[in-house]
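Descriptive structure summary
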Amino acid sequence: MSGITDINELLSSMQPALVDELFVFCTVAGQLAEYINLAPIATFVETEGLTLVLTKDNADETGLQYESVFRQITLTVHSSLEAVGLTAAVSTKLTSKGISANVIAAYYHDHIFVSDDKAEQALSELKELSNI
């Protein structure tokens, strides 16, 4: 099944959903295999180290350091990885309200990580953007 590419259709049907769990971004040395037991929901290899996105609880249990705590908002529409404008529209809307947006695009959905203390406001703004 192909994802949606039309920006108007994406925005009107994105149905943002707030995930209950708290998440953090950590950077570690070594290989992913050494951290797989922490069940990261996303990883990225950078020159400076391995970034793990994982639950705050898992980071706390293992003593990993992090700077901020985030909530995940999933845009439940099946967006195409080739769609143009969705990230820009979401980022622009949240930027206008002073909300930082850390976007991760996966195969089916886009996931926006926002500061825990602004999560409800971000969800409201995204619902407004989609005219829900």
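For the structure given in this document, a descriptive report is provided here.

Analysis parameters
Residues numbered from 1 in each chain as written. Predicted model: local features only at pLDDT ≥ 70, side-chain atom pairs only at ≥ 80, totals over all residues. Heavy atoms only, no water. Pairing = 2+ DSSP bridges. Helix = DSSP H or I, 4+ residues; strand = E, 2+ residues; numbered from the N terminus. Axes fitted to C-alpha atoms, helices over the stretch in contact; angles between N-to-C directions. Contact = heavy atoms within 4.5 Å. Parallel < 35°, antiparallel > 145°, perpendicular 65-115°, else oblique. Left-handed = near helix turned anticlockwise from the far one by under 90°. Nonpolar A, V, L, I, M, F, W, Y, C, P; charged D, E, K, R; others polar. Phe/Tyr/Trp six-rings, centres within 6.5 Å; stacked < 30°, edge-to-face > 60°. Buried < 20%, exposed > 50% of the residue type's maximum accessible area, 1.4 Å probe, protein only. Core = buried A, V, L, I, M, F, W, Y, C linked by side-chain atoms within 4.5 Å.

Right, let's talk about the sheet that holds strand β3 (residues 49–55) for a bit. Hydrogen bonding along the main chain pairs the strands of a sheet, whether they run parallel or antiparallel. Strand order in this open sheet of six strands is β2-β3-β1-β4-β6-β5, and the pairing throughout is antiparallel. Across the chains shown, the open sheet's two edge strands, defined by having one partner strand only, are β2 (42–46) and β5 (102–105). Each strand axis lies, on average, 30 degrees off the axis of its neighbour in the sheet, ignoring direction. Here five bridges tie β2 to β3, and the two strands are oriented antiparallel to one another. What sits directly across from Ala42, in β3, is Val53. Sitting on the sheet, helix α3 (residues 86–95) touches β4 (70–75), β5 and β6 (110–115), and the angle it makes with β6 is about 20 degrees. The strands that helix α4 (residues 119–129) touches are β1 (16–28), β4 and β6; relative to β1, the one it contacts most, it runs at about 125 degrees.

Here we come to the packing of α3 against α4. Put simply, α3 and α4 touch, their axes get as near as 10 Å, and they point 125 degrees apart. In terms of orientation, α3 lies oblique with respect to α4. Along this stretch, α3 crosses α4, giving a crossing that reads as right-handed. Contacts between α3 and α4 involve Ala89, Val90, Lys93 and Leu94 from the former and Ala122, Glu125, Leu126, Glu128 and Leu129 from the latter. Per-class residue counts for the contact of α3 with α4 are six nonpolar, no polar and three charged.

Here we come to the packing of aromatic side chains. What the rule picks out here adds up to four aromatic pairs. A centroid spacing of 5.8 Å and a plane angle of 90 degrees characterise the contact between Phe23 and Phe113, whose relative ring orientation is edge-to-face. Of the two residues, Phe23 is situated in strand β1 and Phe113 in strand β6; the sequence distance between them amounts to 90 residues. Side by side, Phe23 and Phe113 carry an identical accessibility label, which is buried. Here Phe25 and Phe70 contribute two aromatic rings whose centre-to-centre distance is 5.3 Å and whose plane-to-plane angle is 75 degrees, an arrangement assigned as edge-to-face. Pair noted here: Phe25 is in strand β1 and Phe70 is in strand β4, with a separation of 45 residues, a long-range link. Exposure remark for Phe70: the relative accessible area of 13% places this residue in the buried category.

Attention now goes to the nonpolar core. The biggest cluster of nonpolar side chains holds 18 residues, and the ones touching the most others in it are Met14, Val90, Leu94 and Val114. Elements with a contribution of two residues or more to this core: α1 (7–12), β4, α3, β6 and α4. In contact with Met14, other than residues within four places in its own chain, are Leu75, Thr76, Val77, Leu86, Val90, Leu126, Leu129 and Ser130. Residues Val24, Val28, Tyr35 and Leu38 belong to the second largest nonpolar core, which totals 10 residues.

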